[in-house]
Amino acid sequence: RKRYSNRVSECKSINKQLKINKMREIKFEYGFESVNGIVKKVYYLHEIPNIKEKCDVWNRLPIVYTRQYTGLKDKNGVEIYEGDLVACFHEEQIKDGQIIHDPTYEIYQITFINGGFVTGEDDELLLGQWIHDCKPEVIGNIHENPELIN
């Protein structure tokens, strides 16, 4: 019994170090249209069945959008949601063996396709893989900043 207990404690310690036990937070951002612009409210999945009681604007303002949290954050710690527009900066490139600083960037739209978050509509790049290569920065979203798409 003691041997089993030690193994459980070792596994918990390893899981804690690797942060394996932590699951993605499932939450949604609702955007409501008001005379002063968009009012944003964020609710966890378990709160949604009682959302009419929890949300002070639910019955008063029209919903413009609903966006799901991806579980990831950008390079500044900003949460990344479905519909966000993120810039991937090409700050350094290696050409002819030399590091060249490049201030250019590309803008990607985060979408949810086939059960996963991707960058763009062609589901080429899964967000979880791409985020480590790019170090993205949230610069807006498709609902409030559609001009950034073109």
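Residues numbered from 1 in each chain as written. Predicted model: local features only at pLDDT ≥ 70, side-chain atom pairs only at ≥ 80, totals over all residues. Heavy atoms only, no water.

(A) Examining the overall build of the protein chain more closely. The helix and strand tally for the protein chain stands at three helices and 10 strands. For the protein chain, the N- to C-terminal ordering of α and β elements is α-β-β-α-β-β-β-β-β-β-β-α-β. Within the protein chain, the fraction of its 150 residues that count as buried is 31%. Expressed as a percentage of contacts within the protein chain between residues at least 6 apart in sequence, the contacts between residues at least 24 apart total 49%. Only carbon and sulfur atoms are counted for the fraction: they give 49% of the accessible area of the protein chain, which is about 10700 Å². (Helix = DSSP H or I, 4+ residues; strand = E, 2+ residues; numbered from the N terminus. Buried < 20%, exposed > 50% of the residue type's maximum accessible area, 1.4 Å probe, protein only. Contact = heavy atoms within 4.5 Å. Areas by Shrake-Rupley, 256 points an atom, 1.4 Å probe, with all protein chains shown as cover.)

(B) Main features of the environment of Leu-148. Turning to its location among the elements, Leu-148 is positioned in the segment after strand 10 (137-141). C-alpha of Leu-148 to C-alpha of Gln-109: the two residues are 39 residues apart in sequence and 9.9 Å apart in space. Once you skip the residues sitting within four places of it in the chain, Leu-148 turns out to touch Leu-85, Ile-107, Ile-139 and Gly-140.

(C) A look at the packing of aromatic side chains. Per the stated rule, a full pass over the model turns up six aromatic pairs. Ring plane angle 75 degrees and centroid distance 6.0 Å describe the contact between Phe-32 and Trp-58, whose orientation is recorded as edge-to-face. On the criterion of sequence distance, the pair formed by Phe-32 in strand 1 (residues 27-34) and Trp-58 in the loop between helix 2 (51-54) and strand 3 (63-73) is long-range, its members being 26 residues apart. Assigned by exposure class, Phe-32 and Trp-58 land together as buried. Among the aromatic residues, those joined into a cluster by ring pairs are Tyr-30, Phe-32, Tyr-43 and Trp-58. One cation-aromatic arrangement involves Lys-27 over Tyr-69; the distance from NZ or CZ to the ring centre is 5.0 Å. (Phe/Tyr/Trp six-rings, centres within 6.5 Å; stacked < 30°, edge-to-face > 60°. Lys NZ or Arg CZ within 6 Å of the ring centre and 35° of its normal.)

(D) Structural view of the sheet that holds strand 1. If you walk across this open sheet you meet the four strands as 2-1-3-4, and the pairing is antiparallel. Two strands in the sheet have a free side with no partner beyond their single neighbour: strand 2 (37-44) and strand 4 (79-81). Taken pair by pair, the neighbouring strands of this sheet meet at an average axis angle of 35 degrees, ignoring direction. Two strands pair when backbone bridges link them, and strand 1 and strand 3 are joined in this way by five bridges, in the antiparallel orientation. Bridged to Gly-31 within strand 3 is Tyr-65. (Pairing = 2+ DSSP bridges. Axes fitted to C-alpha atoms, helices over the stretch in contact; angles between N-to-C directions.)

(E) Looking closely at the environment of Val-64. Positionally, Val-64 belongs in strand 3. Separated by 34 residues in the primary sequence, Val-64 and Tyr-30 place their C-alpha atoms 7.6 Å from one another.

(F) Helix 3 (residues 127-134), seen in detail. Taken as a whole, helix 3 has its buried residues at Leu-127, Trp-130, Ile-131 and Cys-134. Projected onto a plane normal to the axis of helix 3, the buried residues spread over an arc of 105 degrees and lie on a single side. Among the exposed residues of helix 3, those pointing more than 90 degrees away from its buried face are Gln-129, His-132 and Asp-133. The elements touched by buried residues of helix 3 are strand 3, strand 4, strand 5 (84-89), strand 8 (105-113) and strand 9 (116-119). Trailing helix 3 by a residue or two, Lys-135 shows a phi angle of about 55 degrees, which is positive. (Arc of directions from axis to C-beta.)

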